[in-house]
Amino acid sequence: MSASVSFDSQPSLFQPTKVGRMNLSHRIVLAPLTRFRITISHAPIPEVVREYYSQRASTPGTLLITEAAVVSPQAGGFPHVPGLWSDEHIQGWKEVADAVHAKGCYIFFQIVAIGRGANLESLHDHDPSFEVVSAGDIPEPVVESTSGPQFAGTIPRPLTKPEIDQYVKMFAETASNAVYKAGFDGVEIHGANGHLIEQFLREGSNNRTDEYGGSIENRAKFLLEVVEGVSKAVGEDRTSLRITPWLHDRGLAMKHPIPLFSYVVAELKKRFPNLAYLHAVEPRVSVIDDRTPDADESNDFIKALWCPRPLILAGGFLRDNAVQAAETDGVLVAFGRRYIANPDLPYRLMKNIPLNSYDRSTFYLMGDATGRGYTDYPFAKANE
């Protein structure tokens, strides 16, 4: 941008904003993206993962969000997904955070518990005593998938109250490791895509009759306890949450999700006024697949409740609709597939440079250390 052009002449998407403790130079965000370039011991593959995130930090002042890391071995259930409980994990991810910071960018670490979608065999690889657990005892529907991870259909065991308390502590401890040991700028709690936190929220997976089941208030209790635990561990302004109000997969679709998620957002606003940001997936995407939303499916209710606090929206964005979305005060836009294929995406969007096409067949190459479909996408040639 030339010195003669003022910020006010630029779309809000390309203007600076403050999120938590971070002073961002624009409102384009790297969405959290499971890529499986992780060792069998759940550490980032040396060099490759660091290079991947470093590439996507090519525009100073960018916010990146990592792929989801499980908060403990028993909270996992997939091979080649990250963890952050060992020195090997912490050192590997510290190198990633350091590389991103060296480029003048910021990075949040996403943390998750898988719940009923876990693969029992993968759990038993860690410890034969580990079980598939969830909010209730309703199993994950088995759906054959050729485009992404295959979730299991094991009948889960409902977590006990002491186990729920343990999971809250695991989230808090992982957050502490991310911020204070690995050097991340904050953490994003993965409350989306049908994983454990969302299994408590939704009636399709939560058939409990205790204080964590039944009413909306009860079903939201675990989520709010996790946010509280993480906030106490690292600070509200280093804590964030991702939600998927319009999830239509994994047996969790709801006809009327707005009352549930309105309560969640309102409680977050009341209890955690300094939360770094809220992150919501648009209704045109469900987990990894595009869909055509119904006319009444919209995140406008979240914007009305939450903005002008920082709100990241994700799901199927291109330049034009991203520019439009970011005109709402507080809104940032996260890109996934287009950021995979365009490591310099903020620069390309700012300059309106055509984008590389992505290759979905290389999205989920478990344990692959070659960088194929990962660090080999070309940058645009700078013309300034």
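Residues numbered from 1 in each chain as written. Predicted model: local features only at pLDDT ≥ 70, side-chain atom pairs only at ≥ 80, totals over all residues. Heavy atoms only, no water.

- In the nomenclature of an unreviewed UniProt entry, the protein is known as NADH:flavin oxidoreductase/NADH oxidase of Lentinula lateritia.

## Description of the confidence of the model for the protein
Here is step 1 of the chain: Here the protein averages 94 in pLDDT, and 94% of its residues register 70 or above.
Here is step 2 of the chain: Put simply, strand S12 (residues 285-286) is where the protein has its lowest mean pLDDT, 71, and strand S9 (residues 186-190) is where it has its highest, 99.
Here is step 3 of the chain: In this model residues 1-7 is a low-confidence stretch, pLDDT under 50, and it forms 7 contacts with partners more than four residues away in sequence or in other chains. (pLDDT = per-residue confidence, 0-100. Helix = DSSP H or I, 4+ residues; strand = E, 2+ residues; numbered from the N terminus. Contact = heavy atoms within 4.5 Å.)

## Some words on helix H7 (residues 221-234)
Here is step 1 of the chain: Its 14 residues give H7 an end-to-end C-alpha distance of 20 Å, which sits within 8% of 20 Å, the value for a rise of 1.5 Å per residue.
Here is step 2 of the chain: Counting buried positions over the 14 residues of H7 gives 10, a clear majority of the element.
Here is step 3 of the chain: Within H7 the residues assigned to the buried category are Phe 222, Leu 223, Leu 224, Glu 225, Val 226, Val 227, Gly 229, Val 230, Ser 231 and Val 234.
Here is step 4 of the chain: After H7 finishes, the residue Gly 235 shows a positive phi value of roughly 100 degrees. (Expected span 1.5 Å × (residues − 1). Buried < 20%, exposed > 50% of the residue type's maximum accessible area, 1.4 Å probe, protein only.)

## Overview of the pairing of strand S10 (residues 239-243)
Here is step 1 of the chain: Within S10, 5 of the 5 residues are buried, leaving the element largely enclosed by the surrounding structure.
Here is step 2 of the chain: Going residue by residue along S10, you find Thr 239, Leu 241 and Ile 243 tucked away on one face and Ser 240 and Arg 242 tucked away on the opposite face as well.
Here is step 3 of the chain: By the bridge criterion, 4 bridges tie S9 to S10 in an arrangement that is parallel. Opposite Glu 188, over in S10, you have Ser 240 as the bridge partner.
Here is step 4 of the chain: As defined by bridge partners, S10 adjoins strand S11 (residues 277-281) across 4 bridges and the pair is classed as parallel. What sits directly across from Arg 242, in S11, is His 279.
Here is step 5 of the chain: Traced from S10 through helix H8 (residues 258-271) to S11, the parallel crossover comes out right-handed. (Pairing = 2+ DSSP bridges. Right-handed = clockwise from strand over helix to strand, strands pointing away.)

## Some words on the pairing of strand S14 (residues 311-314)
Here is step 1 of the chain: Neither face of S14 is exposed, since Leu 311 and Leu 313 on one face and Ile 312 and Ala 314 on the opposite face are all buried.
Here is step 2 of the chain: In this structure, S11 lies alongside S14, joined through 4 bridges in parallel fashion. Residue pairing across strands places His 279 opposite Ile 312, the latter belonging to S14.
Here is step 3 of the chain: As defined by bridge partners, S14 adjoins strand S15 (residues 331-335) across 4 bridges and the pair is classed as parallel. The residue bridging Leu 311 from the neighbouring strand is Val 331, located in S15.
Here is step 4 of the chain: At this point the chain moves from S14, through helix H10 (residues 319-325), to the parallel S15, and the crossover so formed is right-handed.

## Side note on the environment of Ser 298
Here is step 1 of the chain: Note on placement: Ser 298 falls in the loop between strand S13 (289-290) and helix H9 (300-306).
Here is step 2 of the chain: Among the residues examined, Ser 298 registers a relative accessible area of 23% and is labelled partly exposed.
Here is step 3 of the chain: The spacing of Ser 298 and Pro 245 is 53 residues in sequence and 9.2 Å in space, taken between C-alpha atoms.
Here is step 4 of the chain: If sequence neighbours within four positions are ignored, Ser 298 has contacts with Trp 246 and Pro 283.
Here is step 5 of the chain: At 3.0 Å, the side chain of Ser 298 forms a polar contact with the backbone nitrogen of Asp 300. (Polar contact = N/O pair within 3.5 Å; in protein donor to acceptor, adjacent residues only side chain to side chain.)

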